[in-house]
Amino acid sequence: MASSRTTPSGTTSCRTGAPGTDGRAAAGTGWYAVARSSEVGTTPRQVGAGGQPYVVLRTRPGAEVTALSARCPHRLVPLTTATVVDGRVRCAYHGWEFNAEGRCVEIPSLGPVGTPPPRADLSAPWAVEERDGWVWLAPDPTPVPRPPRTNGTTPSPEPVPDLPPPDGPVLDNLHPALEHAWHPVAPAAGLRAGGYLQTRLLGRTWTVHRRADGALDADPPAWGVVEHLGLVWIAPAEPRAELLAVPETADPLAASGWLAPVRSAASAGALADAFLDVSRRPPGRPAPEPAVPEVTHDPDGFSGVQEEPLRARRVTSVHRAPFQLLRREQDLPTGAVTTVVRLLQPEDADSTRVHTCVLVRQAGGAVSPDTLAAALASAAAELEEDLALLARWGSTGLPLLPRDELHLRADRLGVALRRTLADFAADCAAADQAEALQGRATA
Ligand code: FES
């Protein structure tokens, strides 16, 4: 079959000998056999060539093979989670679409007249070609214009390399800065006077005890143990940010309920980012209304307000470092307000527990049980969607270096989250350093 990507000197056959026995860089040609042709369809398949990860796919059944870099440049999501829609590769997270050459041709959050920036394009290997029932990639220019013939031998594709981590720092669930923060660890209602509970936080097991006088303590000892918003919170070391305030909890007309806590293998940073994200487009969902939140930073986090005229609503998001989040959705015609509070417990490197509270306030007075149940069901569906997406993604932390990802105007809340957490991490490191210096001086 003809090459699906232009090779440097047309299609003149140039036999270069049998492939190397390990199937890599066949006989020094610069061509790598990566998969059997029959294994490549419209579902992106990750392969490796020259140590670089790629995805190979066909943009229509039976079409020529295309090869693209393995990650979406936006949020580094593996493109193995993408789908092919109308001859384009659509990323599973925000629905950016790429043509067979890797050019980004659609970004829903830019609206119908927005133009994707050049940095949104995917890179691609120098050439891809099918020959003798195999798909071959040449990652870099090679003087051999076509892959070698197999001559009846069977190439062995090289192992699929792991996706490399971002260049810059990443905030994962065991980052040392997280010692300096309040973390939710359990519903408080289950802890009676004289009782104990065990919980995981930052890779350690903690035992929380409620004394007879109602006060809480923890083993190992923590800087603070408190009850707040119906949960028990631990601050292992002096926290650098306050607990999240939720004024709705003092509103006698607001109805509230909790989702059962759930676990995710995703990092708390990735879960926080997903919660704040206003431009997601999961598979099967229409493109979201383009929205650009206005962000205001404060010492402990930030808040963002976004107007959505088509849905006649205002959405306010509040973040307190590191993983306390609130989203307040106000229906402008009726004045009804639904508030979702997502509080994240970084248990271990590969485990985050998610606590979710929903509060509903209606302008006309009391909230009916059906209205609250509908709000809880909606929050549960959103959480389930986030967990499913992040489970396929395998994110282990939140990149903090802006240039590791590609940020657009609709990503302001995500940018604010990264900036806040980068400042938080730096602030905590400085505090630890100052404490260490002081300790040495007084020793
Ligand atoms: S569109 Fe791919 S991560 Fe956002």
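Residues numbered from 1 in each chain as written. Predicted model: local features only at pLDDT ≥ 70, side-chain atom pairs only at ≥ 80, totals over all residues.

Going by the annotation in an unreviewed UniProt entry, the name recorded for the protein chain is Nitrite reductase/ring-hydroxylating ferredoxin subunit, with Modestobacter marinus given as the source organism.

Student: Hey, could you run me through the overall build of the protein chain in this one?
Tutor: Per the secondary structure count, the protein chain includes three helices and 26 strands. The buried share of the protein chain, taken over its 443 residues, is 42%. Intrachain contacts of the protein chain at a sequence separation of at least 6 include 59% that bridge at least 24 residues. (Helix = DSSP H or I, 4+ residues; strand = E, 2+ residues; numbered from the N terminus. Buried ≥ 20, exposed ≤ 12 C-beta atoms within 10 Å, placed from the backbone. Contact = placed C-beta atoms within 7 Å.)

Student: Just checking my understanding: could you explain the environment of Arg342 for this structure?
Tutor: Mapped onto the secondary structure, Arg342 falls in strand β24 (residues 337–348). A count of 23 C-beta atoms within 10 Å places Arg342 in the buried class. Between the alpha carbons of Arg342 and Leu271 there is a distance of 9.3 Å; along the sequence they are 71 residues apart. Apart from residues no more than four positions distant in its own chain, Arg342 is found in contact with Phe275, Leu325, Val354 and Thr356.

Student: How should I be thinking about the sheet that holds strand β3 (residues 52–58) in this particular structure?
Tutor: Sheets are built from strands that pair by backbone hydrogen bonding, the pairs being arranged parallel or antiparallel. The strand order β2-β3-β4 describes an open sheet built from three strands, whose pairing is antiparallel. A single partner strand is all that each edge strand has here, and the edge strands are β2 (45–49) and β4 (65–69). The average angle at which neighbouring strand axes cross in this sheet is 40 degrees, direction not considered. In the sheet, β2 pairs with β3 via five bridges, with the strands oriented antiparallel. For Val47, the partnering residue across the bridge sits in β3 and is Tyr54. (Pairing = 2+ DSSP bridges. Axes fitted to C-alpha atoms, helices over the stretch in contact; angles between N-to-C directions.)

Student: Help me understand the nonpolar core, please; the structure alone is not making it clear to me.
Tutor: One broad trend across soluble globular proteins is that nonpolar side chains are buried collectively. Ranked by size, the top nonpolar core spans 106 residues in total, and within it Val34, Val56 and Leu271 carry the most contacts. In this view, Val34 contacts Val47, Ala49, Val56, Val135, Trp136, Leu137 and Pro157; residues no more than four positions away in its chain are not counted. (Core = buried A, V, L, I, M, F, W, Y, C linked by C-beta atoms within 7 Å.)

Student: How should I be thinking about the UniProt feature "domain: Rieske" (unreviewed entry) in the protein chain in this particular structure?
Tutor: The UniProt feature table records "domain: Rieske" (unreviewed entry) at residues 31–137. Helix makes up 0% of residues 31–137 and strand makes up 39%, while its end C-alpha atoms are separated by 5 Å. (UniProt positions renumbered as here; feature names shortened; annotations may be inferred.)

Student: Explain the sheet that holds strand β10 (residues 134–138) here, please?
Tutor: Strands sit in the order β1-β10-β9 across an open sheet of three strands; the sheet is antiparallel. Each end of this open sheet is capped by a strand with a single partner; those strands are β1 (32–36) and β9 (127–131). Averaged over all adjacent pairs, the angle separating strand axes in this sheet is 30 degrees, with direction ignored. Inspection of the sheet shows β9 paired to β10 by five bridges, in the antiparallel sense. In the strand pairing of β10, Glu129 is matched with Trp136.

Student: How do you make sense of the confidence of the model for the protein chain when you look at a structure like this?
Tutor: Close reading of the predicted structure is inappropriate where its pLDDT is low. Across the protein chain, pLDDT averages 90, with 92% of residues at or above 70. In this model residues 1–21 is a low-confidence stretch, pLDDT under 50, and it forms 49 contacts with partners more than four residues away in sequence or in other chains. (pLDDT = per-residue confidence, 0-100.)

Student: Mind showing me how you'd approach the domain arrangement of the protein chain here?
Tutor: Think of interface size as the accessible area that goes away when the parts come together; that is how it is often given. Domain annotation of the protein chain identifies domain 1 (26–138), domain 2 (165–181 + 243–284 + 292–443) and domain 3 (182–238). Taking only C-alpha atoms into account, the centre of domain 1 sits 32 Å from that of domain 2. If you look at the interface, domain 1 gives 18 residues, while domain 2 gives 14 residues. Of the residues in the side of domain 1 that touches domain 2, the class split is ten nonpolar, six polar and two charged. (Domains from an automatic or database assignment. Nonpolar A, V, L, I, M, F, W, Y, C, P; charged D, E, K, R; others polar.)

Student: Quick question: what am I supposed to make of unusual backbone geometry here?
Tutor: Peptide bonds are, in most cases, trans, and in most cases residues other than glycine have a negative phi. The omega angle of the peptide bond from Asp219 to Pro220 is 5 degrees, so this bond is cis rather than trans. Turning to its location among the elements, Pro220 is positioned in the loop between β15 (216–219) and β16 (224–228). The amide bond that connects Ala321 to the next residue, Pro322, takes the cis arrangement and shows omega of -5 degrees. Secondary-structure assignment places Pro322 in the loop between β22 (313–320) and β23 (324–331). At Leu202, a position not held by glycine, the phi torsion is positive, near 55 degrees. If you trace the backbone, Leu202 turns up in the loop between β13 (196–201) and β14 (204–210).

Student: Help me understand the environment of Trp136 in this model?
Tutor: Residue position: Trp136 is located in strand β10. With 31 C-beta atoms packed within 10 Å, Trp136 lands in the buried category. Each C-alpha atom, one on Trp136 and one on Ala67, is 9.7 Å from the other, the two residues being 69 residues apart in sequence. Setting aside its immediate chain neighbours within four residues, Trp136 contacts Trp31, Tyr32, Ala33, Val34, Glu129, Arg131 and Pro147.

Student: Can you walk me through helix α2 (residues 369–393) in this structure?
Tutor: Residues separated by three or four positions in an α-helix point in the same direction, a consequence of the helix having 3.6 residues per turn. Its 25 residues give α2 an end-to-end C-alpha distance of 36 Å, which sits within 8% of 36 Å, the value for a rise of 1.5 Å per residue. Within α2, burial applies to Ala375, Leu376, Ala379, Leu383, Asp386, Leu389 and Leu390. Contact partners of the buried residues in α2: β18 (255–258), β19 (262–264), α1 (268–276), β24 and β25 (351–361). Looking one or two residues beyond α2, the residue adopting positive phi is Gly394, at roughly 75 degrees. (Expected span 1.5 Å × (residues − 1).)

Student: I would appreciate a short explanation of the environment of Pro78 in the present structure.
Tutor: Along the chain, Pro78 falls in the loop between β4 and β5 (83–85). Residue Pro78 is classed as buried on the basis of its C-beta count, with 20 C-beta atoms lying within 10 Å. Once residues within four sequence positions are removed from consideration, Pro78 is found in contact with Ala70, Arg71, Leu163 and Trp393.

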